[in-house]
Each structure stands twice: as C-alpha cells, then as structure tokens.
Amino acid sequence: MLDLAVKAGEILLQNGAEIFRVQETMTRIAAAYSYGSESFHAYVLSNAIFASLREEDGAYNADLRNIPLSPVHLGRVDAVNSLSRAIAEGRYSPDEALAQIERIRSLPENSPLLLTFSSGIVSATFCYLFGGGLLDSLAAFFTGLILYFFLIPAKRWKLSKIVSNILGSVVITLCALCFTGLGFGGQADKIIIGAIMPMAPGVPLTTSIRDFFNGDYLSGAIRMLDAILIAACIAIGVGFVLKTGNLLLGVQL
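Residues numbered from 1 in each chain as written. Predicted model: local features only at pLDDT ≥ 70, side-chain atom pairs only at ≥ 80, totals over all residues. Heavy atoms only, no water.

(A) Focus on helix H8 (residues 188-195). The buried fraction of H8 amounts to six of the eight residues, a majority that puts the element mostly inside the structure. Listed as buried for H8 are Ala188, Lys190, Ile191, Ile192, Gly194 and Ala195. (Buried < 20%, exposed > 50% of the residue type's maximum accessible area, 1.4 Å probe, protein only. Helix = DSSP H or I, 4+ residues; strand = E, 2+ residues; numbered from the N terminus.)

This is the structure:
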C-alpha cells in the first residue's frame, strides 16, 4: 500500500499536480485500505515525497522519492485522479491498483508531430491576438514549427532547461527577423511574442500560485522560481539577438 500511494503521488508530482492534490490523493489511497491519519503520513515538496506507514504490530515502513522537475503530462494526472476515486470506492485491491499505476506511468507522450503542429497554431493565434496581421500570424506559425524542430532534439540531447530555453528564444528571434527582412510579415515584435508562447511557463506559474493559496509556501516558492527562471532565459535569448542585430546590422523593431 505504501508503494502504491507513493507511486501515485510521484506520477502526480512529476506531471504538474499541485502539492495539495498529491497529499490528498496519497491520504485517500491509504484510507481506502484502512490506514487512517494516525498510521499514514505524507510530506510532499515540489521535488520530493516523504511517506511513512505504521503497521498494526507497531512496525514502521518509510519511503523517500527524489522527483526532479519535468515536463507536464496532464493525461497522467487525470488518470491517477480517476484511479484514486475507483480505489476509494473499493474497486481495486492493492495489487490491481499497482498494475493500473504502472499502466498510467507508461502512457505515451504526445507525438512530436502533434507537438510541432500545436506549437505553430499557438504561435499564430497569440500573434494575431496581440495585434499581428495575417502575414505576421503566418510567419509566427512557421516560427513555432521551427522552434519545436529545435526543442524536440534538444530534449533527446538532454540539454539543461536554461540552455534549451535560451537557445529556443534565440531561434525564435532569428526566424522573426529573417521573415520580416524577407517581407514575410512586417511586425517582428508580434511574431516574437506569439512564438515564445509555447515556451511560456504557464503551468509552473499557475501551480505555484495554487500552492501559495494552499499554504505550501516552500513548494510554491520553488515552482515560482522555476517559472521566473524560464521567463528570464527567454528574455535573455530574445534580448541578446535583438541587441546584437542592432549593434552589428542596425536592426530595430
């Protein structure tokens, strides 16, 4: 049961769930198998889970998991939520629930083609919403595609989050300047704003705010710092290209 609860919490935490949801899910799973608040304890941070379980004979079991910050997969979060409800209703034994947890853990990532196309659509949409014209939005669409042509291999190369975000924003800015220089769109700033949206740290920022509201200040601060770091890396990449272009080529937005 301890292994089951910790694995469920691990999947939730890895894939963007807030701290309160992780702790509540683990506690509900324990309660479903007759381990109340006096027998089971869980302490969750944004990158770690501590859990202990006291058996009827007084023996203690404990588990500690280090969980690095990773990309979000909300499908797994939804699947664990559904499983925890089924466990609370008594529909699974611990062994059956563990088998379901392993199935959820192996749910596939979204295909690279879908991610790339979605990046283009998001980039074009936000470019238009922020005042870009049709040509600007089309340029943002292709810029978003090119961005993921870089980010997907960067993940395989295991580049650090800092490096990949800086280089990704460099790619975006270069593409925007090239498109406008060729007359394919006239507002490089709108193209850049649209194309950086797929990289924007929306989930970490939202989750950190929810953690603050739930009183999980340490985890909220960690996730807030992660979101600020991503935003700073994007700004560094864009600013570096624009400043270099201004100094060497006289390029201005």
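(B) Seen up close, the side chain of Ser219. Checked against the element boundaries, Ser219 lands in helix H10 (residues 217-249). Among all residues touching Ser219, those that are not within four sequence positions of it are Ile19, Val44, Leu45, Ser46 and Asp211. (Contact = heavy atoms within 4.5 Å.)

(C) Broad picture of the sheet that holds strand E1 (residues 40-45). Spatially, the three strands line up as an open sheet ordered E1-E2-E3, and their pairing is antiparallel. Of all the strands in the sheet, the pair left with one neighbour each is E1 and strand E3 (60-66). Neighbour to neighbour, the strand axes of the sheet diverge by 5° on average, direction disregarded. Where E1 meets strand E2 (residues 48-54), six bridges bridge the pair, whose relative direction is antiparallel. Paired with Tyr43 across the strands is Phe50, a residue of E2. (Pairing = 2+ DSSP bridges. Axes fitted to C-alpha atoms, helices over the stretch in contact; angles between N-to-C directions.)

(D) The packing of aromatic side chains, seen in detail. If you walk through the whole model with that rule in mind, you get seven aromatic pairs. Relative to Phe184, the ring of Phe142 has its centre 6.4 Å away and its plane inclined at 50°; by these criteria the two rings are tilted. Of this pair, Phe142 sits in helix H6 (residues 134-156) while Phe184 sits in the loop between helix H7 (161-181) and H8, and the two are 42 residues apart along the sequence. Its relative accessible area of 34% is what places Phe142 among the partly exposed residues. On the accessibility criterion, Phe184 (26% relative accessible area) is partly exposed. (Phe/Tyr/Trp six-rings, centres within 6.5 Å; stacked < 30°, edge-to-face > 60°.)

(E) Examining the side chain of Asn15 more closely. As for its position among the elements, Asn15 is in the loop between helix H1 (2-14) and helix H2 (19-32). A relative accessible area of 3% places Asn15 in the buried class. Of note is the side chain of Asn15, whose polar atom sits 3.3 Å from the backbone nitrogen of His73. Not counting residues up to four positions away in its chain, the partners in contact with Asn15 are Pro71, Val72, His73, Leu74, Arg76 and Val77. (Polar contact = N/O pair within 3.5 Å; in protein donor to acceptor, adjacent residues only side chain to side chain.)

(F) Region of the structure containing a nonpolar patch on the surface. Taken together, the side chains of Trp157, Leu159, Ile162, Val163, Leu167 and Leu229 define a hydrophobic patch exposed on the protein surface, amounting to about 520 Å² of accessible area. Examined against the element boundaries, Val163 turns out to sit in helix H7. By relative accessible area, Val163 is classed as partly exposed at 36%. (Patch = residues over 30% accessible without salt bridge, like charges linked within 9 Å, V, L, I, M, F, W, Y side chains within 5 Å. Areas by Shrake-Rupley, 256 points an atom, 1.4 Å probe, with all protein chains shown as cover. Salt bridge = Lys/Arg side-chain N within 4 Å of Asp/Glu carboxyl O.)

(G) View of the nonpolar core. Core analysis: the biggest nonpolar cluster contains 30 residues, and Val22, Met26, Phe40 and Ile49 have the highest contact counts within it. Elements supplying a minimum of two residues to this core: H1, H2, E1, E2, helix H3 (74-88) and helix H4 (94-105). The greatest single-element share of this core, amounting to eight residues, is contributed by H1. Counting residues in hydrophobic clusters, the runner-up holds 21 residues, among them Cys175, Ile191, Ile192 and Ile230. (Core = buried A, V, L, I, M, F, W, Y, C linked by side-chain atoms within 4.5 Å.)

(H) Seen up close, unusual backbone geometry. Within the chain, Lys158 stands out as a residue other than glycine whose phi angle is a positive 60°. Mapped onto the elements, Lys158 comes out in the loop between H6 and H7.

(I) Molecular detail of the layout of surface pockets. By volume, the largest pocket is sized at about 1,500 Å³. Forming the boundary of the largest pocket are 42 residues, of which Ser70, Pro71, Val72, Tyr148 and Pro198 lie nearest the centre. Listing elements by their share of the lining of the largest pocket, those giving two or more residues are H1, helix H5 (112-129), H6, H7, helix H9 (202-213) and H10. Of all the elements, H6 adds the most residues to the lining of the largest pocket, at six residues. When the residues that make up the lining of the largest pocket are grouped by side-chain class, the tally is 22 nonpolar, 13 polar and seven charged. (1 Å grid on protein atoms, 1.4 Å probe; cavity = no way out; pocket = protein on both sides within 12 Å on 5 of 7 lines; lining within 4 Å. Points joined across faces, edges and corners; volume = space filled by probe spheres on them. Nonpolar A, V, L, I, M, F, W, Y, C, P; charged D, E, K, R; others polar.)

(J) Molecular detail of the environment of Pro112. One can find Pro112 in helix H5. Between the C-alpha atom of Pro112 and that of Phe149, which follows or precedes it by 37 residues, the distance is 8.9 Å.

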